[in-house]
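# Notes for the structure review
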Amino acid sequence: MTSPDMQLGALYLAARSTTQALRSWVIKTYMLRDSQLDAAMATALGQLDQVYRFALYYGYDVSNAPEALRQPITAYVAALRQGSSSLPGERPSRHLFKVHRSIEALVLGPSRSPDTLSEGDPS
């Protein structure tokens, strides 16, 4: 694992550790049932990128959520986008999805193949 991969891996772990808490915040704040927000989508790059670009998670406004729940996600996506040809306001490129999947595979192990598209990732 290279140093940039290790840094992205650490940022990904920090983001991943807050996603379920942010999901719970959305459920409580918007009075939703747990089943309304697919837990498997919590770390999909599309979801994380929405927090970064628009302060939305599962389409719900999280601008009033505690900063501690949003900051690790925005830090990860900002680092992921660093050096990318994608502008900060643009949707993530296919390349960013591949990098995200490779970081997931490095951090989570072989059970999650980087060749498998997550729901919410462009095909």
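Conventions adopted
- Residues numbered from 1 in each chain as written.
- Predicted model: local features only at pLDDT ≥ 70, side-chain atom pairs only at ≥ 80, totals over all residues.
- Heavy atoms only, no water.
- Helix = DSSP H or I, 4+ residues; strand = E, 2+ residues; numbered from the N terminus.
- Contact = heavy atoms within 4.5 Å.
- Areas by Shrake-Rupley, 256 points an atom, 1.4 Å probe, with all protein chains shown as cover.
- Buried < 20%, exposed > 50% of the residue type's maximum accessible area, 1.4 Å probe, protein only.
- pLDDT = per-residue confidence, 0-100.
- Core = buried A, V, L, I, M, F, W, Y, C linked by side-chain atoms within 4.5 Å.
- Axes fitted to C-alpha atoms, helices over the stretch in contact; angles between N-to-C directions.
- Parallel < 35°, antiparallel > 145°, perpendicular 65-115°, else oblique.
- Left-handed = near helix turned anticlockwise from the far one by under 90°.
- Nonpolar A, V, L, I, M, F, W, Y, C, P; charged D, E, K, R; others polar.

## Let's talk about the overall build of the protein chain
A tally of regular secondary structure across the protein chain gives four helices and two strands. Element order for the protein chain, N to C, with α for helix and β for strand: α-α-β-β-α-α. Pairs at least 24 apart in sequence give 60% of the contacts found in the protein chain among residues at least 6 apart. Accessible surface computed for the protein chain: about 6700 Å², of which carbon and sulfur atoms make up 55%.

## Brief notes about the environment of tyrosine 58
Among the secondary structure elements, tyrosine 58 is positioned in the loop between strand 1 (56-57) and strand 2 (60-61). Note on tyrosine 58: relative accessible area 15%, which makes it buried. Each C-alpha atom of the pair tyrosine 58 and methionine 41 lies 8.6 Å from the other, and the pair is 17 residues apart in sequence. The residues touching tyrosine 58, leaving out its near neighbours within four places in the chain, are Arg23, Leu37, Asp38, Ala39, Met41, Ala42 and Gln47.

## A look at the side chain of glutamine 47
With respect to the element layout, glutamine 47 can be found in helix 2 (residues 45-54). With residues up to four places along the chain from it excluded, the contact list for glutamine 47 reads Met41, Ala42, Leu56, Tyr57 and Tyr58.

## Description of unusual backbone geometry
Even without a glycine there, the phi angle at alanine 55 is positive, about 55 degrees. Structurally, alanine 55 is set in the loop between helix 2 and strand 1. The class for alanine 55 is buried, based on a relative accessible area of 16%. A positive phi is found at tyrosine 58, a non-glycine position, where the angle reads about 55 degrees.

## Section: the confidence of the model for the protein chain
On average, residues of the protein chain score 84 in pLDDT, and 78% of them are at 70 or above. Element-level pLDDT for the protein chain is lowest in helix 4 (residues 94-108), with a mean of 83, against a maximum mean of 98 in strand 2. Low pLDDT, under 50, characterises residues 113-123; the predicted model gives this stretch 24 contacts beyond four residues in sequence or across chains.

## A short note on the nonpolar core
Grouped together as the largest cluster of nonpolar side chains are 29 residues, with contacts concentrated most on Leu22, Trp25, Val26, Tyr57, Val62 and Tyr76. At the level of secondary structure, the elements contributing two or more residues to this core comprise helix 1 (3-29), helix 2, helix 3 (67-81) and helix 4. The greatest single-element share of this core, amounting to seven residues, is contributed by helix 1. Apart from residues no more than four positions distant in its own chain, tyrosine 57 is found in contact with Thr19, Leu22, Arg23, Val26, Ala42, Gln47, Val51 and Val62.

## A look at the packing of helix 2 against helix 4
Orientation of helix 2 relative to helix 4, taken along the N-to-C sense of each, is 110 degrees, at an axis distance of 11 Å. As judged from the angle between their axes, helix 2 and helix 4 are roughly perpendicular. The chirality of how helix 2 crosses helix 4 is right-handed. The segment helix 2 lies against helix 4, with Leu45, Gly46 and Leu48 engaging Leu96, Phe97 and His100. Residues that form the contact of helix 2 with helix 4 fall into these classes: four nonpolar, two polar and no charged.

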